[in-house]
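Chain and residue survey
Each chain is listed here by its residues.
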Amino acid sequence: MKSIITILVAVYFSPIGVKAQEIDWSKTTNWKMYDVPRIHYNSPIDSLSQFDSVRLSLQTLQQFFSSVTKIPKEIRPYWEGVYICTAQTETGQRIEVYVSTFGGFFMNGNTMDCYEIPDERKEDWQKYFKDEWMSIKRASR
């Protein structure tokens with residue numbers, strides 16, 4: 001737990017030298033969730049393929065993304081755990097996405113921008129990711 005907090009704190013305060021284009025999350029594709037041991041949380045995106053994974057439902061995610069809002073930089077959510085995912089933007093760029101295990105929010109691993117799911121959808125969001133996480137665990141037995 002301490003290592004994830006250290007990583008997230010370091011990520012939050014890392015300088016971003018290039019202004020990235022805002023992502024339209026409803027147009028992202030090729031979502032995958034990975035079973036990444038904590039010791040490998042700093043692994044490059046290209047090395048994630050060595051870990052067990054599950055492809056996430058684009059239809060389900062697009063329902064959540066229809067009303068996602070960006071969290072202002074000065075308001076940082078509290079992280080208790082993380083699912084490590086990847087997605088492809090509409091420009092074809094593959095990005096890492098960190099999804100909170102207990103909150104209704106996620107973070108773009110490239111820009112460190114955080115986004116929030118509406119309150120009325122947070123429980124469904126958390127259940128969806130927990131169920132997908134459990135499917136990875138069942139498949140790896």
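See above for the structure.
About the cut-offs
Throughout, residues of each chain are indexed from 1 in the direction in which the sequence is written. Totals for whole chains, interfaces and linings use all residues, but because this is a predicted model, local features are given only for residues with pLDDT of at least 70 and pairs of side-chain atoms are given and counted only at 80 or more. Computation of side-chain values covers all heavy atoms of the structure but excludes hydrogens and water. Relative accessibility under 20% of the residue-type maximum defines a buried residue, over 50% an exposed one, and the middle range a partly exposed one, all with a 1.4 Å probe and only protein chains included. Per the convention used, a helix needs a DSSP run of H or I reaching at least four residues, while a strand needs a run of E reaching at least two, with both numbered from the N terminus. Strands were regarded as paired on the criterion that DSSP finds at least two bridges between them. By definition here, a helix of n residues has an expected span of 1.5 Å times n minus one. What the arc measures is the spread of directions leading from the helix axis to the C-beta atoms. Any Lys or Arg side-chain nitrogen located within 4 Å of an Asp or Glu carboxyl oxygen qualifies as a salt bridge. Whether two residues are in contact is decided by their heavy atoms, any of which lying within 4.5 Å being enough. Note on method: axes are straight lines fitted to C-alpha atoms, helices fitted across the in-contact stretch only, with angles between N-to-C directions ranging 0 to 180 degrees.

**Observations regarding the pairing of strand S4 (residues 82-88)**
Across the 7 residues that make up S4, a large majority, 6, are buried. Bridge count for strand S1 (residues 29-34) against S4 is 4 bridges, and the pairing is antiparallel. Of the residues in S4, the one forming a bridge with Tyr 34 is Ile 84. Here S4 runs beside strand S5 (residues 94-100); their pairing, made up of 7 bridges, is antiparallel. Note that in S5 the partner of Tyr 83 across the bridge is Val 99.

**Regarding helix H3 (residues 119-139)**
Counted at 1.5 Å a residue, the expected span for H3 with its 21 residues is 30 Å, and the 31 Å between its end C-alpha atoms agrees. Of the residues making up H3, those classed as buried are Lys 122, Trp 125, Tyr 128, Phe 129, Glu 132 and Ile 136. Take H3 and look down its axis: the buried residues cluster within an arc of 135°, on one side only. Of the residues in H3, the exposed ones pointing more than 90 degrees away from the buried face are Glu 120, Glu 123, Lys 130 and Arg 138.

**Re the pattern of salt bridges**
Any two side chains of opposite charge can pair, so long as their charged atoms come close to each other. By the definition in use, this model includes 10 salt bridges. The closest approach of N and O atoms between Asp 35 and Lys 137, which form a salt bridge, is 3.0 Å. Placement of Asp 35 in the loop between S1 and strand S2 (53-55) and of Lys 137 in helix H3 is noted, with a sequence separation of 102 residues between them. The class for Lys 137 is partly exposed, based on a relative accessible area of 29%. A salt bridge links Lys 122 to Glu 116; the nearest nitrogen and oxygen atoms lie 2.8 Å apart. Overall, Glu 116 belongs to the partly exposed group, its relative accessible area being 29%. Taken together, the shared-partner salt bridges connect Glu 22, Lys 70, Lys 73 and Asp 113 into one network.

**Considering helix H2 (residues 58-65)**
Buried within H2 are the following residues: Leu 61, Phe 64 and Phe 65. Buried residues along H2 cover an arc of 95° about the axis, so they all sit on one side. On its buried face, H2 sits against S1, strand S6 (105-108) and H3.

**Things to note about the environment of Ser 135**
As for its position among the elements, Ser 135 is in helix H3. Along the chain, Ser 135 and Val 54 lie 81 residues apart, while their C-alpha atoms are 7.5 Å from each other.

**A short note on the sheet that holds S2**
Spatial strand order, S2-S1-S4-S5-S6-S7-S3: 7 strands in an open sheet with antiparallel pairing. Across the chains shown, the open sheet's two edge strands, defined by having one partner strand only, are S2 and strand S3 (69-71). Taken pair by pair, the neighbouring strands of this sheet meet at an average axis angle of 30°, ignoring direction. Judged from the 3 bridges that link them, S5 and S6 form a sheet pairing that is antiparallel. Residue pairing across strands places Val 99 opposite Phe 106, the latter belonging to S6. Contacting S1, S2, S4, S5, S6 and strand S7 (114-116), H3 runs over the sheet at an angle of about 65° to S1.

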